Amino acid sequence: IEDFFQCFQISCQGATSITTFVVFLCDKIEPALSRAVFERTARDIAEDMKNKFPDFKSNRANLEVCILRYLAEQENFEYFKQYLTSPKQFFQSYIERRVKSHCLDGSSRLRMFLESSLESLYGNILSAVSLSTQIVKDKKDREDKISLWLDEFCGELAEVINLPRSELKGIEHQEVTDIEFLSSAMAKSLIDLRDRLIKELADADMSSFSRQPHTILAEHFSGCWQQCPFCGAVCTNTMQNHDGDHQLVFHRPQALTGFKWYGTDHFVIDICSSSVASDCSFRFHDYQPWTPYRTYRNAGPPVSTWRILPDSSMQAYWKWFVSHFRTQLEALYSQKFQGKGEIPYAWHRITKQEALSELERC
Ligand SMILES: [Zn+2]
Ligand SMILES: [Zn+2]
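These numbers were taken from a predicted model, which means no experiment stands behind them. (Residues numbered from 1 in each chain as written. Chains lettered and ligands numbered in written order. Predicted model: local features only at pLDDT ≥ 70, side-chain atom pairs only at ≥ 80, totals over all residues.)

## Describing the domain arrangement of the protein chain
Working step 1: Under the domain assignment used here, the protein chain contains domain 1 (1-221) and domain 2 (254-361).
Working step 2: In this structure, domain 1 and domain 2 have C-alpha centres spaced 51 Å apart.
Working step 3: In this assembly, 7 residues from domain 1 lie in contact with 9 residues from domain 2.
Working step 4: Within the residue set of the side of domain 1 that touches domain 2, elements represented by two or more residues are α4 (60-74) and α5 (77-85).
Working step 5: Among the elements that line the side of domain 1 that touches domain 2, the one with the most residues is α4, at 4 residues.
Working step 6: Along the lines of polarity and charge, the residues of the side of domain 1 that touches domain 2 split into 6 nonpolar, no polar and 1 charged. (Domains from an automatic or database assignment. Contact = placed C-beta atoms within 7 Å. Helix = DSSP H or I, 4+ residues; strand = E, 2+ residues; numbered from the N terminus. Nonpolar A, V, L, I, M, F, W, Y, C, P; charged D, E, K, R; others polar.)

Next up, the structure:
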């Protein structure tokens, strides 16, 4: 800055004009650049996780398999309960936890992401300065050089940071003719700005993001979250508010939502897709009339919005789960796995490993 003022006196220009201009512009750039750094970093982190973690490489069905594997490994009934009752929230908190541990696991990965975004955006600003200068300096006949320079500068940065040209009207009439000089003054001031931001970023944590990386990542796994009214499994349609019926491939034992046989406290361990082929009837509340499973749609919404095809195949995973967490399920619903709800001997013999292997093959 010292050199710059000395030179400036020699060139007999309005030094104050340049100083005013640079200070004003950098004051506008700083918050915009900081916001852009966090926005870009959030996107970069989401992208990085999609590339590095098998959980996030593919679609929601694949993520669900990973979550089921995680639940089985943890063997914590509370986690299962959260997943079964609020699958969407469970997915989101699972993604959030994975993102946090990836960014903050002592590897200073968050800071690396932030600094690399800053470097790249800082580079964009420097090139915008030099490009605008190249374009404007040759237009000797123009008196509105500053205004032209700002047009070029903002236009150049439009894609990377939010710096509306309209907010810079206050300085566009500064009397500056030596554009190259302005350019070098900008470059100097930008170095200080960058140093200040680097210090700021060192203290950043996940709460510094206005749009969280895990929110961006979770958007890749959006879709329909309606749960089967009988077993609670989630519709597999990838569109929210989709046309047509809700559908899914693997229904689960109805005991998972607390279904019981009439007049008893015995769980129903059948899956909905075999119930719809049976001669049984159902109702959700005592005041409702009975509806035969074969014509389940007659029960009205939400049941009528589901397409449940007869299919008796049940995933080994849920057989393992019911057998493994039998006591907890009985306590949760104050019901018993007895009578028609007796757990078949074959279910007890399924190991967790077998359950997981089958899940991954599907
Ligand atoms: Zn179902
Ligand atoms: Zn659906």
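Moving on from the coordinates now.
## Things to note about helix α8 (residues 145-157)
Working step 1: For α8, spanning 13 residues, the distance from its first C-alpha to its last is 18 Å, which sits close to the expected 18 Å at 1.5 Å a residue.
Working step 2: All buried positions along α8 are accounted for by Lys 145, Ile 146, Trp 149, Leu 150, Phe 153 and Leu 157. An end-on view of α8 places all buried positions within 130° of arc, on one side of the element.
Working step 3: For α8, the secondary structure elements touched by its buried residues are α7 (109-137) and α9 (179-202). (Expected span 1.5 Å × (residues − 1). Buried ≥ 20, exposed ≤ 12 C-beta atoms within 10 Å, placed from the backbone. Arc of directions from axis to C-beta.)

## Quick look at unusual backbone geometry
Working step 1: Backbone torsion omega between Pro 301 and Pro 302 reads 0°, so that peptide bond is classified as cis.
Working step 2: Here Pro 302 lies in the loop between β2 (291-292) and α12 (316-324).
Working step 3: In this model, Glu 75 sits at a positive phi of 50°, which is unusual for a non-glycine residue.
Working step 4: Among the secondary structure elements, Glu 75 is positioned in the loop between α4 and α5.

## Concerning the packing of α7 against α9
Working step 1: Running from N to C, α7 and α9 cross one another at 170°; their axes reach a closest spacing of 10 Å. With respect to α9, the element α7 is oriented roughly antiparallel. Where α7 approaches α9, its residues Arg 111, Leu 114, Glu 115, Leu 118, Tyr 122, Ile 125, Leu 126, Val 129, Ser 130, Thr 133, Val 136 and Lys 137 are matched on the opposing element by Ile 179, Glu 180, Ser 183, Met 186, Ala 187, Leu 190, Arg 194, Leu 197, Ile 198, Leu 201 and Ala 202.
Working step 2: Across the contact of α7 with α9, the residue classes tally to 15 nonpolar, 3 polar and 5 charged. (Axes fitted to C-alpha atoms, helices over the stretch in contact; angles between N-to-C directions. Parallel < 35°, antiparallel > 145°, perpendicular 65-115°, else oblique.)

## Section: the nonpolar core
Working step 1: Of all hydrophobic cores here, the largest spans 45 residues; its most connected members are Val 37, Ile 45, Leu 121, Ile 125 and Leu 217.
Working step 2: Elements represented by at least two residues in this core include exactly α2 (15-52), α6 (87-104), α7, α8, α9 and α10 (213-219).
Working step 3: The element contributing the most residues to this core is α2, with 13 residues.
Working step 4: Residues within four places of Leu 217 in sequence aside, it is in contact with Ala 46, Met 49, Phe 56, Ile 95 and Val 99. (Core = buried A, V, L, I, M, F, W, Y, C linked by C-beta atoms within 7 Å.)

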